Amino acid sequence: MKKIFLSIILLLSVLSIFAQDAKEKDSRKTNRNEKRKERRERINERIRLEEEGALVFHKQTTFGFKLNTDGYSFFFEKATMQSARVANFYTIEVGEKKHPQENKITGSFTIAGPFAFANNPFVYGKRNIFYQAKLGFGQQRVIGYRGNKNGVSVTGVYGGGFSAGLLRPYYVRVQRSLNDEIADIKYSPSDSLDFLGGRIIEGTGLKHGWNELKFTPGVHSRMGLRFDYGRFNETVSAIEVGINAEYYFTKPEILLLAKNKNFFFSAYVSINFGKRK
């Protein structure tokens, strides 16, 4: 009798284990089926939106060139889709800002036998070249989907972030007034006469000043409209127009004989290329 009782208990235990295992398998199978269903629904929704002309992606990477009314820059941007119309992005941008009163002058001519060669141009009275490196965050919001694959989608773009301004001393090559010595100089009180009133031969380009960079921090914001005319949803081909606003906590001195400022306001147009996935 005892053996029969133990056998029944063992059998019930085995059956319980099998039942539990079967239940777990059914639960895993149900979860897999639900995930497949959700995945199919997401894919079908993306297909439907693409057919309607929507810009559908999980991640978007773009780069390009921006022409500002006060300079130029190059940028890289990474965006992540949040909904059918909204994406968050961060962007890295580097460029150069110019003073509105800058005037580039042709360098003097060098005579070599029967030939005359123009030297490098220069900006009269320029004290520093002003570079910026920007880290920005923001959103892009679809305003209008393209009607078809040959249409244009319109996206609003807005954001802001931090700016690292870098001032590099501007050098020119001069023939000194006192002893006719040829020298590459930047502005200083001792060289002010040669820098502003001496016989300037040419600008020196990128040769000097890299070990004399000065840092000035700031903030920036941006707002614009992006017109995406790319035929395929997987690629980005767009033109963006908008406005920039920048403020630097230390006033960058770009020109000697003009008013320099902390706040910069400009318009821009950029060309954007990239891909989506």
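Above: the structure in question.
Residues numbered from 1 in each chain as written. Predicted model: local features only at pLDDT ≥ 70, side-chain atom pairs only at ≥ 80, totals over all residues. Heavy atoms only, no water.

(A) Quick peek at the overall build of the protein. Assigned secondary structure in the protein consists of two helices and 15 strands. The buried share of the protein, reckoned over its 277 residues, is 39%. Taking all contacts inside the protein whose residues are at least 6 apart in sequence as the whole, residues at least 24 apart take part in 65%. As displayed, the protein has an accessible area near 17,000 Å², and 62% of this comes from carbon and sulfur atoms. (Helix = DSSP H or I, 4+ residues; strand = E, 2+ residues; numbered from the N terminus. Buried < 20%, exposed > 50% of the residue type's maximum accessible area, 1.4 Å probe, protein only. Contact = heavy atoms within 4.5 Å. Areas by Shrake-Rupley, 256 points an atom, 1.4 Å probe, with all protein chains shown as cover.)

(B) Local environment of the environment of Arg-276. For Arg-276, the position within the fold is in strand β15 (residues 263–276). Overall, Arg-276 belongs to the buried group, its relative accessible area being 8%. Separated by 2.5 Å, the side chains of Arg-276 and Asp-228 make a polar contact. At 2.9 Å, the side chain of Arg-276 and the backbone oxygen of Thr-235 are in polar contact. (Polar contact = N/O pair within 3.5 Å; in protein donor to acceptor, adjacent residues only side chain to side chain.)

(C) Summary view of the packing of aromatic side chains. Counted according to the given criterion, the structure contains nine aromatic pairs. When the centroid spacing of 5.3 Å and the interplanar angle of 55° are considered together, the rings of Phe-65 and Phe-74 count as tilted. Relative accessible area serves as the criterion here: at 46%, Phe-74 is assigned to the partly exposed category. Seen from their ring centres, Phe-130 and Phe-264 are 6.1 Å apart, and the 35° between their planes marks the pair as tilted. (Phe/Tyr/Trp six-rings, centres within 6.5 Å; stacked < 30°, edge-to-face > 60°.)

(D) Expanded view of the pattern of salt bridges. Under the counting rule described, the total for this entry stands at 20 salt bridges. Notably, a salt bridge pairs Arg-176 with Asp-191, separated by 2.9 Å at the nearest N-O pair. Here Arg-176 is found in the loop between β10 (172–175) and β11 (182–185), whereas its partner Asp-191 is found in the loop between β11 and α2 (192–197), with 15 residues between them in sequence. Taken individually, Arg-176 and Asp-191 each receive the classification buried, so the pair is uniform in this respect. Where Glu-240 meets Arg-222, a salt bridge forms, and the shortest distance between an N and an O atom there is 3.0 Å. You can see Glu-240 sitting in strand β14 (residues 235–248) and its partner Arg-222 sitting in strand β13 (residues 214–228), a full 18 residues away along the chain. In this pair, the class of Glu-240 matches that of Arg-222, namely buried. Overlapping salt bridges bring together Asp-70, Lys-97, Lys-134 and Glu-246 as one network. (Salt bridge = Lys/Arg side-chain N within 4 Å of Asp/Glu carboxyl O.)

(E) Region of the structure containing the pairing of strand β12 (residues 199–203). The buried fraction of β12 is high, at four of five residues. By the bridge criterion, four bridges tie β10 to β12 in an arrangement that is antiparallel. Bridge pairing in β12 places Arg-173 opposite Glu-202. (Pairing = 2+ DSSP bridges.)

(F) Spatial organisation of the nonpolar core. Judged by nonpolar contacts, the single largest core of 14 residues is most densely connected at Phe-122, Tyr-170, Val-172, Val-174, Ile-185, Phe-195 and Ile-200. Put simply, the parts of the chain that give this core at least two residues each are β7 (122–123), β8 (128–144), β10 and β11. Core analysis: the next-biggest nonpolar cluster, separate from the first, contains five residues, Phe-130, Leu-167, Tyr-248 and Phe-264 among them. (Core = buried A, V, L, I, M, F, W, Y, C linked by side-chain atoms within 4.5 Å.)

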